[in-house]
Structure formats: structure tokens, C-alpha cells
Amino acid sequence: MRFSQLITALNQGESGLQAHNLSNDPEIINGASLDKAKPHHLTFLEKGNALASDLKKSNAGAVLLPPDEILCDIAKQSGQAWALLKNPRLAFAEALELLNPRKVPEPGIHPSATIGDDVELGEIVSIGPNVCIGKGSKVGNGSILHPGVVIYEKVLIGEGCELHANSVVHPGSIIGNCCIVHSNAVIGSEGFGFVPTELGWRKMPQTGSVILENDVEIGCSSTVDRPAVGETTIGAGTKIDNLVQIGHGVVTGKGCAMAAQVGIAGGAKIGDGVILAGQVGVANRVKVGDRVIASSKCGIHTDIEPGQVISGFPAIPNKLWLRCSANFKKLPDFAKSIRELNRDSSN
Amino acid sequence: MRFSQLITALNQGESGLQAHNLSNDPEIINGASLDKAKPHHLTFLEKGNALASDLKKSNAGAVLLPPDEILCDIAKQSGQAWALLKNPRLAFAEALELLNPRKVPEPGIHPSATIGDDVELGEIVSIGPNVCIGKGSKVGNGSILHPGVVIYEKVLIGEGCELHANSVVHPGSIIGNCCIVHSNAVIGSEGFGFVPTELGWRKMPQTGSVILENDVEIGCSSTVDRPAVGETTIGAGTKIDNLVQIGHGVVTGKGCAMAAQVGIAGGAKIGDGVILAGQVGVANRVKVGDRVIASSKCGIHTDIEPGQVISGFPAIPNKLWLRCSANFKKLPDFAKSIRELNRDSSN
Amino acid sequence: MRFSQLITALNQGESGLQAHNLSNDPEIINGASLDKAKPHHLTFLEKGNALASDLKKSNAGAVLLPPDEILCDIAKQSGQAWALLKNPRLAFAEALELLNPRKVPEPGIHPSATIGDDVELGEIVSIGPNVCIGKGSKVGNGSILHPGVVIYEKVLIGEGCELHANSVVHPGSIIGNCCIVHSNAVIGSEGFGFVPTELGWRKMPQTGSVILENDVEIGCSSTVDRPAVGETTIGAGTKIDNLVQIGHGVVTGKGCAMAAQVGIAGGAKIGDGVILAGQVGVANRVKVGDRVIASSKCGIHTDIEPGQVISGFPAIPNKLWLRCSANFKKLPDFAKSIRELNRDSSN
């Protein structure tokens, strides 16, 4: 694709094209990082994330830039094609999409699939080899089930969904439109609920269900459990990375992002736009306010007010945590000082 | 089901029915939480876990209560049906089971299943689509293998087990009676054992096996590894949540509970009735005594005496940890005080 | 197998046989740990890892010993067969391999497998039941795909690989020779890349690929993501345990070992021979030098120099961390001392 064609497309996108220079209008075959890009590659820069010198050395055929005069001058001098955009990262996403049109399996039902009674399949669905769909389940128009996906009974899957290989959806789960469930993820499995008795742990039946609202994404090998009663709900547009545990009865808001290996215990309520970094843990029934950001490995044991940036275990405000952590390293010195001060003071 | 029928059943259960009031003997169709319950729902309260005011506002048709006069009075005034029980949570579990009879797949072997030579299948087993059972394995009476389950060779599975979709059991594993293996769990995979050599990591062959005793439950995507020699054993009645790692040669006692994302390294010995909260880690060969409780994210690096409640990393007694953590936040203040004291003392 | 046959084999191995005593040349059927070994078992000891008294009490038929006079004397007195080796652990690995010849499935393609167009299969491959191989993929000589494995399109798998049940490999992934992918692992899934926009998270297309170099091993339910552009690369001979997350664009060196539940965020660069213990986290784009060792639960947020041994969160040198952690327990005492010193000083 010529750079000029990309510019035409970006002009119709959301990334805020402000100016551009076609130079020799290079043929662009894909995107690449600044340091690895070659003359047929597109790359991008954001404000403050690279030195001007990296741009000078880049062999990229074309570069998407933020509205920054210095970077723009460098690009001009290099003879590269360039575009100036309000949001060059978004432009790069749009360009990658154009350069790599999504490949989808052919519509149809593979003969090795097992479709239960009373299953309703939408139009142009793609049901791969060895897929099983349980009794009374429904798959909406345009949805894709890759090989080995297992859908239990009475599951509702919306339109335009993609369920990757060997993922599993348990009975009664409701998956909205345009959701993506990655390979080996498990939706709607039994929550971890037991009653201690003299004879040991007695299972609390998990009769509730899981709801994924529209545009939700669940990462590989992540697990979203259903509760004893009621629902576990993942809010619209929430994106969940790999190996994440969502406990029974958790409710997340809209537009959250949860990085890999996050664990949210049963009954926690997560607000809108919350960002949890890798390996964060949230305790049972805790309420995390809207737009909270928790840094990696944070352990959240108590309710958190909206908008807080938190770190550590137990979680405290990030700025305080940074100062405390810096002092943690000095504990042996503190101990020595206190010993000496105590000795002096007792003299 | 009428509330009176539930009362009859609870009277034969283990939850200690002490008194009840049928009121208008409502038709109960399922359980619900106190705040969401409607007139055809049953709900429950435990001592101290909710305010009396919540009960006043509840629309539940019937409520299971602990032996508490105030709560009982409120229920009486509301006109709700109620029952007084020694263990209302257990009663709720029993009621949910009655209201939601377990649905099991039809017995039989799906034609798409692949059954190896010398496999022994018990009576009324249910072998789902695309299940594979390797040579010489055995599945006991009444066990259920959901779609996509893979059993390698020489695996013994007891009676009344349920293996959920796409779970995998490796050679030589022994699974007792009434065990549940959740979707995508892996039992009996090779332990992570390598010998460092000048040519790199050399695999230590993992020739041992995994034993799940009776009534064990293994969560979704959890992994239980087999050792180089000997056995990895999960004690009877132990319940393991999702995404848990059990290393090679680990032995757990009976009736333990391990929450999501716990990791137990090779050779650790866990006592009876141990409770490990989410994201806890246990180091190689550590011994954790009976009835130890470790709070979330705890890192256990040394042997722990029976009955201890521990927290933190490295793990220390919970009460001490709470005090230490409270002081961690004050480290910048401590630093300032020590600086000032040192300055004063040197003047 | 007679002990004398084992000795002959070990003599041709890499473990440095120095001396031996056949005693009554016992028949050895397998290995066992020192405490559980019986007369037909082989066991081993390493320098410093067991008390001489344990060897005295062992019923093992034969024992592999390090070059240690005291241990050797004990073995002589016991009448056990023994061998003295430079590396008894390596010898034990070699012996276990001899005693437990690897069982591999019969070569051939199971009739229930689904093989796409333009797939190239090497000689003597074994393709199990319900395996799916996508269009244009290639599987090298001698590779084994266990039941339920799903290979997407344009995947290259080298020679002598073993992919365990229900593992999944996404489009464009390149797997070298002699790699092992354990059950339910996912290779080449989409990285967690999104652009924040006013309309929510917009997916950054993940058009790159994953490369596993030769002799790499990926544990059960572990996930290795592909990046937006470029490659995620796991260096030759690197061994990865269960439930590990490797983010998009991560590059690891050769001969690393990563224990269970490690998480490495996008773009991190890990050197050669790095060892990460269980539940370690590495932040985005961090560089970890060659031969770094990070102890369990360590959180690595900044670049680490080669050869460091680190612990804690944020990571600091292990020896410092041990001293700091020991003082953490004394924080309540420190607080008290500081209060008293402040009071004294203000008097």
C-alpha cells in the first residue's frame, strides 16, 4: 500500500491528521518499531518516548509523528515520508489494521462439530473442527468459534464474537456482542464456594451466571467464575489479559483494563475505567472506585476511593509508597541509628 | 418448591433447624442475595455479616437466620417466612441444591470419543464428544468426562468423578472417588526439574505420579505436577481454586483450601486443614503445619508451626504483620525523626 | 537392569564416574528418594544436602554419591552398591532415563485429525486424535502432537518437538527443534495492546509473531504473546514452568529458567542464563542482565546489572533485602523507640 493511500485512510480515521509529506510516496508493507523499521515499513513516535536521535538513525520509509516541531524538522531533513497526528499511536493502530486485514475462517459448520438440540446459530457463523455446543445455546450472527471450543448448555453468545481454540463457556453464561475470548480461557465455571462443616468442605452450589457485556475481551487461560446466586458481570469494553482470575460475583465497570495474572476475589466491585497492572490482587467484597490505577503486585484489601493511584501491599497511595519503599532499603541503617541513639540517651 | 417443603428437607439436613414460620408458605424458585432477593427467593443471613436494616428492606420471600433474637423479631414483623438455624449458610447450600438439581449429561460414550486399548469403563459413565482415553486407563462408575477431556495412558479415575471440558490427565495419575477437575486443569504433567550442566539445562526425567485422594477438587487451569520419583499427593477433601500451581512432589493434607493463583513449589509438605488465600507462595520443601492460615500474597519461605495465622513476605504472624504494615506507611516520618535525632545528638 | 549395566552406561555419560562398587550387583527397577528407596531402587546424594545418618538408614539397593570420603565409607559399611560421581544428580537423571525409556505415541495421523490445505508434515510424525493443523503450517520430522492440539495457520514447528494435549499455537509462530509445549499452553496469542481513546480501548493489531528457539520448554497453561510488530523470542534452551505469562515483544536470552507463575510484561529484555523464581514479576521494557537470579515474588521495575542476585518488591540486592526484611519485623519497636527518643529530646 502506498503511503498516500494510508494518508487518505488516516484522514477518515480518529487519530487527528494535521499535516503530512508524501516524499517519494513509499510502498508500505507493514509496521515496525523505530529501531527495526526498513524502507518499506511504517513506524511511529509519541511525545517523549524516544530521542530525536533515534528518529535520525531510523531507516523507516514513513513515520507517524506527534505535533512536535523538532521531530518534524528531523523527518523533513531525512527525506522520509511523514504525517503529523494528534494521536500517532492510534494512527499506527489504524494503519496496522489496514496493512493486515483480519483473516477470518470461512463461514460454515465443520462436520466434526457437535451441535446439541435446540441450538440456534446466526447467519454466517464459523464453527470450527471439534467444537461442541450444548443444548439450548445460541450463537449470534458473524461469530467465530475456533477448533476445540466447548460451549455448555443454555449459553448465549452475541454477534461478531470470536472464541479462540479450546476455550470453554459454562452453562447459562451470557456473552454480549463483539467479545473476544482467547485460547483456553474459561467463562462461567463454578465459583470457589464451600461451607466449612464438621465433615469437611461442603460445596455451596453455584447457581448464578456470568455476563460479559459488549466488547469485552478475556485473555488466554483466564477464568471468570459464576456465583452461588446472581451474576458475575464484566462491564462493556473491559479488557482482561492472560491468566487473570475473576472470582464469583465480581462486578467490574466499563472500560477497565486488567493486566496478566491479576486476581479478583469473590464479590469485589470494580468501578469504571479501573486499571490494574500485572499480578495485582483484590480481596473479597472490596470496592474499588472509578478510574483507580493500581500498580503491579499491589494488594487491595480495603475500599479505594475513585481516582486514586495506589501501590504496595497493603495498598497505599503510590507517591507515599514510593517514598516508603525508598526508605525500606535503609532499614538496617535506621536500626543502627536507633540502637546508637538509645545507647546515647541511656548514658 | 413451597417453603414448607424446604423446611421438611432442611429438618433432615445438617444445618440445625431450630424454629421456623411458614407465613404464607411462599413458592421459592431459587436463592438470592439479601439485597437482590424478590418474593420468590430464599436468602440467608449470618451472625454479624449484615445490618438488621438490610433485612428490613429485603423483599425476600423467605430468609434463613442464625439464632439471633433481634433478626428473628425483624423477620416476624416483616411477615416474611423464616427459619432459625444453627448454620444458616449450610442450610442455604442445602436449599440451593434442592432448588437446582444437578444436571448431568446422559450416560454413554459419544461416537467421536477415542478410547484406547485395554481401557476399562465403569457402569453409567458419560464420555463426551472428542474425549480421548489412553491405553490401559480406567474410569469408575458414574464418572463424567466432558467434551475434549484428554486422559493419557494408565490413568486411574475413581467413581463419581466429574472432569470438565478440555482438562488433561497425564500418565499414571490416580484420581480417587468423587473428585472434580475443572475445565482446562492439568493433572500429572511433568515437574519442572532440570540439572544444570555445561551444555545447559538437562531434564530430570519425571517418572513419578500424581494422586488425588477422594473428594478433591482442582480449579480451572490449575496444574498439579508429577515428580521425578515418588508421588505428588493432594489429601482427601482438599479444594483447590483456579490457576493454582502444585509443584512436583508436594504433599497436602486433608481438607485444605487453596484460593486462586496460589503457587506451591516442589517438595513442600502442607498439613491438614491448611487455608492459603489468593496468590500465596510456598517455597521448595517448606513444611506448613496443620490448620495454618496464610493471608493473601503471603510468601512462605520457612517451616510454619501448626495453627499459625501468617501474613506478609517473608511470612510472619498476622498480628505482627498488621502492626508492621501500619508502620511501613510511616517510614518517611521515621527517617525524618532519625535524621533530626542524629543531628541533635551530634550537636 | 543390573547395577553393573547402569555403571557401564554412566561411564559413557557426562556425570564423571570416578569409582564404584557393584556389591551384589542388585537389580534396579527405578529411582527413589533416599528415605523411600527399597532394595531394587537407585537413589542419590549431593554434597551437603543430607545427613550421613540418612544414608545409614536408607534401604536403597544402590546409591550415587558425590566424591566425599565419609559418605563413601558409610556406603561401604552398609554393603550397598555405590558409585562415586562428580555430578551425582546428573547421573541420577541419566539413570532415570535408562530405567524409564520415553514412551512415544505410534507415528501416524489419527483419522479424527483435521489437516488444512498446504500443510507439510515431516516423516514419522505423530498426529493425535482431534488435532487441528491450519493452512500452510509445517510440522518437522519426528514431532508429536498429542490429542486436541490446535495449530493455527502458517505455523512452523521444527523436528523432534512434543506438543502436549490441548495446547494451542497461533498464526505465524515459529517453534524450533526439540521444543516441548506442555498441556494447555498457548503460544503466539495476541499481545495485550490497546490505545486509549475517547470511545474506549482500541485494539492495537498484533501482527508480529512468537519464536521459540531450539530446546525451549513451555509449561502447562503458560502463555507467550505475540507483539504488535516484530517478534517475541524465547532463547535456545530456556525452560519455562507452568502458568507463566510472557508478554508481547519480550526477548529472553539462552538457557534461562523461569519458575511457575512468573509474569514478564511487554517489551522486557531478559539476558542469558537468567533464573526467575516463582511468582516473580518483570515490568514493561525492563532489561534484566545475564545470569541475574531473582528470588520468589520479586518485582523487577528497573534495569538490573548482570550477575545480580535480587529479592523483594521493588527488587534490591538479595543480601540487603534479607537484612531489611529482618528489620521489617521490628518496625513496631522502632516506632516505639523513636517516640520515646523524640519525647526525651523535646524535654
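The model shown is predicted, which means the values in this text are computed figures rather than measured ones. (Residues numbered from 1 in each chain as written. Chains lettered and ligands numbered in written order. Predicted model: local features only at pLDDT ≥ 70, side-chain atom pairs only at ≥ 80, totals over all residues. Heavy atoms only, no water.)

### Considerations on the relation of the copies chain B and chain A
Rotating chain B by 120° and translating it 0.0 Å along the rotation axis places it on chain A, where the RMSD comes to 0.0 Å. Such a combination of rotation and displacement between the chain copies is what one expects of a three-fold axis. (Least-squares fit on C-alpha atoms with pLDDT ≥ 70 in both.)

### What to know about the pattern of salt bridges
For the coordinates displayed, the defined rule picks out 31 salt bridges over all chains. Among the ionic pairs, E340 of chain A bridges to K336 of chain A, the shortest N-O distance being 3.7 Å. Of this pair, E340 of chain A and K336 of chain A both sit in helix α6 (residues 331–346), four residues apart, which is roughly one turn of the helix. Assessed through its relative accessible area of 46%, K336 of chain A is described here as partly exposed. Salt bridges here are not isolated pairs; linked through shared partners, they connect E217 of chain A together with E190, K203 and R226 of chain C. (Salt bridge = Lys/Arg side-chain N within 4 Å of Asp/Glu carboxyl O. Helix = DSSP H or I, 4+ residues; strand = E, 2+ residues; numbered from the N terminus. Buried < 20%, exposed > 50% of the residue type's maximum accessible area, 1.4 Å probe, protein only.)

### Notes on the confidence of the model for chain A
Scored by pLDDT, chain A comes out at a mean of 95, with 99% of its residues at no less than 70. In the model output, the complex is listed with pTM 0.97 alongside ipTM 0.96. (pLDDT = per-residue confidence, 0-100.)

### Overview of the environment of L42 of chain A
Residue and element names in this part refer to chain A. Structurally, the position occupied by L42 is in strand β3 (residues 41–44). Sequence spacing of L42 and N59 is 17 residues, and the spatial spacing of their C-alpha atoms is 9.8 Å. Setting aside residues no more than four positions away along its own chain, L42 makes contact with F3, L6, I28, N30, G31, A32, A62, V63, L64, F92 and A95. (Contact = heavy atoms within 4.5 Å.)

### Observations concerning the packing of helix α1 (residues 3–11) of chain A against helix α4 (residues 88–99) of chain A
Residues and elements named next belong to chain A. At their nearest, the axes of α1 and α4 sit 10 Å apart, and the two run at 120° to each other. With respect to α4, the axis of α1 lies oblique. For the pair α1 and α4, the crossing hand works out as right-handed. The segment α1 lies against α4, with L6, A9 and L10 engaging A91, E94, A95, L98 and L99. Tallied by class, residues from the contact of α1 with α4 come to seven nonpolar, no polar and one charged. (Axes fitted to C-alpha atoms, helices over the stretch in contact; angles between N-to-C directions. Parallel < 35°, antiparallel > 145°, perpendicular 65-115°, else oblique. Left-handed = near helix turned anticlockwise from the far one by under 90°. Nonpolar A, V, L, I, M, F, W, Y, C, P; charged D, E, K, R; others polar.)

### Topic: the sheet that holds strand β2 (residues 30–31) of chain A
Residue and element names in this part refer to chain A. Taken together, the five strands give an open sheet; going across it, the order is β1-β5-β4-β3-β2, and neighbouring strands pair in mixed fashion. Each having just a single partner strand, β1 (17–21) and β2 make up the two edges of the open sheet. Running at roughly 10° to strand β5 (residues 81–85), α1 makes contact with β1, β3, β4 (62–65) and β5 of the sheet. Relative to the sheet, α4 contacts β2, β3, β4 and β5, its axis offset from that of β3 by approximately 155°. (Pairing = 2+ DSSP bridges.)

### What to know about helix α6 (residues 331–346) of chain C
Here α6 of chain C spans 22 Å end to end across 16 residues, near enough to the 22 Å set by a 1.5 Å rise per residue. Along α6 of chain C, the residues classified as buried are L331, P332, F334, A335, S337, I338 and L341 of chain C. Where α6 of chain C is buried, its residues meet α6 of chain A, α5 (318–328) and α6 (331–346) of chain B together with α5 (318–328) of chain C. (Expected span 1.5 Å × (residues − 1).)

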